[in-house]
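Structure at a glance
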Amino acid sequence: MRSLSRRDFIKGIGIGTAGAALLANGGLPNKLARNVGLARSAFASPALQTGVDLLVGDVIAFQLERGAWEGDFGSVTFQLHQALYNGESAYYIRTDASNPDYATENSLVFVPLMVAAMNLEGAASKLYTFTNGGAEQLPVMSTVPGEENYSPAWHVHSVTFNGEPTLLDSEAAIAEAEANGDITIEPLQLVVNHPVVKWPGGELQEDTEAIEALGSGPLLAPVDTEGMRATFKLHECYANSRYIITDTSAVPMAPMMAVAASAPTQLLRQAGAVDEVWIFVNGLAGPGVMGFQPAIFDNSAGNPIWSPYWEHFAVEWNDESAAVVVESSTQLRQLEADGAVTIYKGVPDMDQSMDPFVVNCPVPILAPPTYSPA
């Protein structure tokens, strides 16, 4: 979807310059903010550098440049949150929310486009939060990576016990309790981007070599469930964004990309909940995922038409010797119109009659670009 159609979509759901208040006035209960995982801890906020904007409050620490590793990327450490899936623990990070009040209260990126995911069957998973559960009652997830229906876009459902609370540790237990009249479930006008990083039987992998952008995993350290933190590679892209990679709708490509598979996120294209990203497959050498210049996002995080769910396109210079640094989608589209580059859906060797795949690339930090071609 191009920017114009996204703007039209926003108008259609009543969000935008004049419409954000509509969603805010939906009356999201404040108590919900206390029931989507672990409360903010006493982790100290990292000191910000000049021109750097920290968008996600769950960021414990970050560095924009490489550290004690060879790869040309930084790092970002998130506070983990715990949930239950079929009686076992699952751990996730929080990055984005579709409701402005909820995003503000929880220091997440406000992404109005994501609310559309709840209107398309199968596009969003279900996250159950509790208004009056016991001390051991954690949020419950309907799915996790490894399941065919896993989506990191969660439609939040608020659960209230009608009598004495009992521990509910699975979606099946919640359904049974509802059928017995023990609980009331309220689907909220809220979709959140909460990528799961560790789940029963699996987890996102640490890249122990830390040389390549993708490498053998998106993490720079094993998931730490004792310290409740996860440290990701932090990548640079235009415009002024630093992003992580967590999952993709391209299920066959997920192992190669070393991220989780999330087939349902492909439906987010149909829902209108995506933005566009372009990666370079030749040209100037750099820190991009294919070894060339940084990727280009169509919009920056915080823009009402921005989304962390990216339609993936690949850019190829028709004359590689003519390659220059491209810093915006406007510049890129002009180069395409001039015949300087060819843009492919997905990747060049993909069937071009197919739709682009989707990659979940949350942006926790805005920062000026530092890339300079060698």
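The sections below set out a description of the structure shown in this document. (Residues numbered from 1 in each chain as written. Predicted model: local features only at pLDDT ≥ 70, side-chain atom pairs only at ≥ 80, totals over all residues. Heavy atoms only, no water.)

Focus: unusual backbone geometry
Using the following cut-off: Strands are runs of DSSP state E lasting at least 2 residues, helices are runs of H or I lasting at least 4, and numbering of each runs from the N terminus.
Here the residue pair Tyr238 and Ala239 is connected by a cis peptide bond, since its omega of 5° sits within 30 degrees of zero. For Ala239, the location among the structural elements is in the loop between β14 (229-238) and β15 (241-243). With a phi close to 50°, Asn86 is a non-glycine residue in the positive phi region. Position of Asn86 relative to the elements: it lies in the loop between β4 (81-85) and β5 (88-92). Positive phi, normally seen in glycine, also occurs at Asn240, with a value near 55°. Inspection of the secondary structure puts Asn240 in the loop between β14 and β15.

Re the pairing of β5
Stated formally: If DSSP finds at least two bridges between two strands, the strands pair.
Across five bridges, the pairing between β4 and β5 is antiparallel. Counterpart to Tyr85 in the pairing with β5 is Glu88. Once β4 ends, the chain turns through two residues before running back antiparallel as β5, passing Asn86 with a positive phi of about 50°.

Looking at the pattern of salt bridges
The cut-off we apply is this: Salt bridge, as applied in this entry: a Lys or Arg side-chain nitrogen positioned within 4 Å of an Asp or Glu carboxyl oxygen. Buried, partly exposed and exposed residues are distinguished by accessible area as a fraction of the type maximum, computed with a 1.4 Å probe on protein chains only: under 20%, between the cut-offs, and over 50%, respectively.
Within the structure shown, the criterion is met by eight salt bridges. With a shortest N-O distance of 2.9 Å, Arg94 and Asp58 are connected by a salt bridge. Highlighted residues: Arg94 in the loop between β5 and β6 (96-97) and Asp58 in the loop between β1 (53-54) and β2 (59-63), separated in sequence by 36 residues. Summarising the burial analysis for this pair, Arg94 and Asp58 share the class buried. Asp207 is the salt-bridge partner of Lys233, the closest N and O atoms lying 2.7 Å from each other. Here Lys233, found in strand β14, pairs with Asp207, found in the loop between β13 (202-203) and β14; they are 26 residues apart in sequence, far enough to count as distant. The two residues Lys233 and Asp207 agree in class, both being buried. The network of salt bridges with common partners includes Arg269, Glu311 and Asp355.

That is the geometry; function is a separate question.
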